[in-house]
Amino acid sequence: MPIVLGANQYGKAEVRLVRVDRATPRHRLTDLSITSQLRGDFAATHLEGDNAGVIATDTQKNTVYAFARDGVGSPEAFLARLARHFLTFPQVTGGRWVAEQFAWERIGADRIAVAAARPDPGREAGHDHSFVRSGGGRRTALVHADTSADGSPGLAVLAGLRDVTLLKSTGSEFHGFPRDRYTTLPEVTDRVLATDLTAWWRYTDEFAASALDAGDGGATFDVRYDAVRSILLETFAGLHSLALQQTVFAMGKAVLESHPEIAEIRLSCPNNHHFLVDLEPFDLDNPGEVFFAADRPYGLIEVAVTRSDAEPDTRSDDGTRGSASPAAEHPVWATIGGFV
Ligand SMILES: O=c1[nH]c(=O)c2[nH]c(=O)[nH]c2[nH]1
């Protein structure tokens with residue numbers, strides 16, 4: 001049986017780019033980790049070691065730094081610039097460009113008392129050129145291109161966040177699940193609910209195209225990111241949870257309800273179990289105050305939320321996908337690696 005080359009992509013992973021905007025003495029920092037991967041006519045290098053068409057991964061890395069000289073803008077817009085550039089090579093028919101952004105805060109920005117007493121109250125809080133890296137997870141962006149079918153350079157633009165650690169100390173229950181001989185979990189009407197939220201949402205093609213053409217460095221993506229992050233967190237906080245599944249779906253639904261420019265969203269949430277410690281051996285009660293925070297194993301709840309008027313999913317006919325939604329799976333999801 002002949003052996004053939006299957007799907008392939010290549011590029012430079014996790015290019016660390018820090019850009020300091022020195023336009024004013026109040027510097028601005030952009031800190032990104034960027035991955036560039038190309039797809040296309042690269043059979044010759046895989047089959048024969050003929051590198052005539054190979055855009056070296058080192059060149060891809062250098063392109064990231066060279067483009068950053070003109071400014072970065074939003075991660076979505078920067079990735080789209082890279083995508084459009086690499087798509088001008090005839091051997092490149094598509095690719096995948098991913099960014100993770102590390103957030104930095106100005107040192108002293110949280111000193112409210114000092115800010116109030118400052119002689120110049122119009123001045124923004126925090127140091128002009130000294131920063132502390134923020135916790136609270138990372139912003140992510142992804143641009144996907146595939147021109148192989150029709151030659152069209154349409155870009156799918158996704159945004160997201162990862163590892164945003166959330167916890168609510170009450171307002172969460174879990175009961176009513178079936179019991180069999182292996183079930184030991186007690187039913188609870190008050191528990192700690194904690195997770196590390198990862199989410200990806202895909203903008204509609206129309207919105208992505210107009211936002212990328214706006215000429216503002218993709219500022220509208222920044223506005224959307226802040227709004228979606230707030231909605232996700234506020235829904236987690238506000239919903240009295242009967243299951244993490246319910247919470248995760250509600251978070252995605254709230255985003256789609258308030259953002260028509262978002263076509264779909266996927267969320268992945270570990271259930272970071274907090275077990276009540278039995279203090280009875282020490283003659284102590286424990287009314288929901290002392291917990292053991294386990295790191296593994298953890299529940300893992302993953303949900304795609306789509307609009308019911310989306311295209312029908314031809315691949316769900318065999319009934320194997322277990323999905324309640326008839327929505328089509330956009331090809332970009334296959335490139336994400338994992339559920340999100
Ligand atoms: O919110 C939850 N969903 C589950 O499916 C589950 N299973 C479990 O053991 N604990 C929980 N919690």
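Residues numbered from 1 in each chain as written. Predicted model: local features only at pLDDT ≥ 70, side-chain atom pairs only at ≥ 80, totals over all residues. Heavy atoms only, no water.

Looking at an unreviewed UniProt entry, one finds the protein named Uricase, with Myceligenerans pegani as its source organism. Per UniProt, the comment on the protein under Pathway (unreviewed entry) is "Purine metabolism; urate degradation; (S)-allantoin from urate: step 1/3." Looking at the protein in UniProt, the text filed under Function (unreviewed entry) is "Catalyzes the oxidation of uric acid to 5-hydroxyisourate, which is further processed to form (S)-allantoin." (UniProt positions renumbered as here; feature names shortened; annotations may be inferred.)

Draft legend 1. Inspection of the sheet that holds strand β2 (residues 28-40) at higher detail. Pairing within the open sheet is antiparallel, and its 8 strands lie in the order β1-β2-β3-β6-β7-β8-β9-β12. Both edges of this open sheet fall to β1 (10-21) and β12 (299-306), since each of them pairs with a single strand only. Direction aside, neighbouring strands of the sheet carry axes that sit 15 degrees apart on average. Relative to β12, strand β9 (residues 262-271) runs antiparallel, the two being bridged by 8 bridges. Within β12, the residue paired with S268 across the bridge is E302. On the sheet, helix α3 (residues 75-86) packs against β1, β2, β3 (92-102), β6 (138-146) and β7 (155-168) and is oriented at approximately 25 degrees with respect to β6. (Pairing = 2+ DSSP bridges. Helix = DSSP H or I, 4+ residues; strand = E, 2+ residues; numbered from the N terminus. Axes fitted to C-alpha atoms, helices over the stretch in contact; angles between N-to-C directions. Contact = heavy atoms within 4.5 Å.)

Draft legend 2. Broad picture of helix α2 (residues 57-68). Taking 1.5 Å per residue, 12 residues should reach 16 Å; α2 reaches 17 Å between its end C-alpha atoms and fits that length. Along α2, the residues that are buried comprise Q60, T63, V64, F67 and A68. Down the axis of α2, the smallest arc covering the buried residues is 130 degrees, so these residues share one side. Looking at the packing, one finds that the buried side of α2 touches β1, β2 and α3. (Expected span 1.5 Å × (residues − 1). Buried < 20%, exposed > 50% of the residue type's maximum accessible area, 1.4 Å probe, protein only. Arc of directions from axis to C-beta.)

Draft legend 3. Layout of the pattern of salt bridges. This model, assessed by the stated rule, comprises 19 salt bridges. Among the salt bridges present, the one from K253 reaches E257, with a minimum N-O distance of 3.1 Å. One end of the pair, K253, and the other, E257, are both in helix α7 (residues 244-258), 4 residues apart, so they sit about a helical turn from each other. With relative accessibility at 56%, the residue E257 sits in the exposed group. (Salt bridge = Lys/Arg side-chain N within 4 Å of Asp/Glu carboxyl O.)

Draft legend 4. A look at the site of the ligand. In the vicinity of the ligand, the residues found are F174, L185, R191, A243, L244, Q245 and N271. Separating an oxygen atom of the ligand from a backbone N or O atom of L244 is a distance of 2.7 Å. At a separation of 2.8 Å, a nitrogen atom of the ligand approaches a polar side-chain atom of Q245. For the ligand, the accessible surface in isolation is 290 Å², of which the surrounding protein chains cover 72%. Tallied by class, residues from the shell around the ligand come to 4 nonpolar, 2 polar and 1 charged. (Near = heavy atom within 4 Å. Polar contact = N/O pair within 3.5 Å; in protein donor to acceptor, adjacent residues only side chain to side chain. Areas by Shrake-Rupley, 256 points an atom, 1.4 Å probe, with all protein chains shown as cover. Nonpolar A, V, L, I, M, F, W, Y, C, P; charged D, E, K, R; others polar.)

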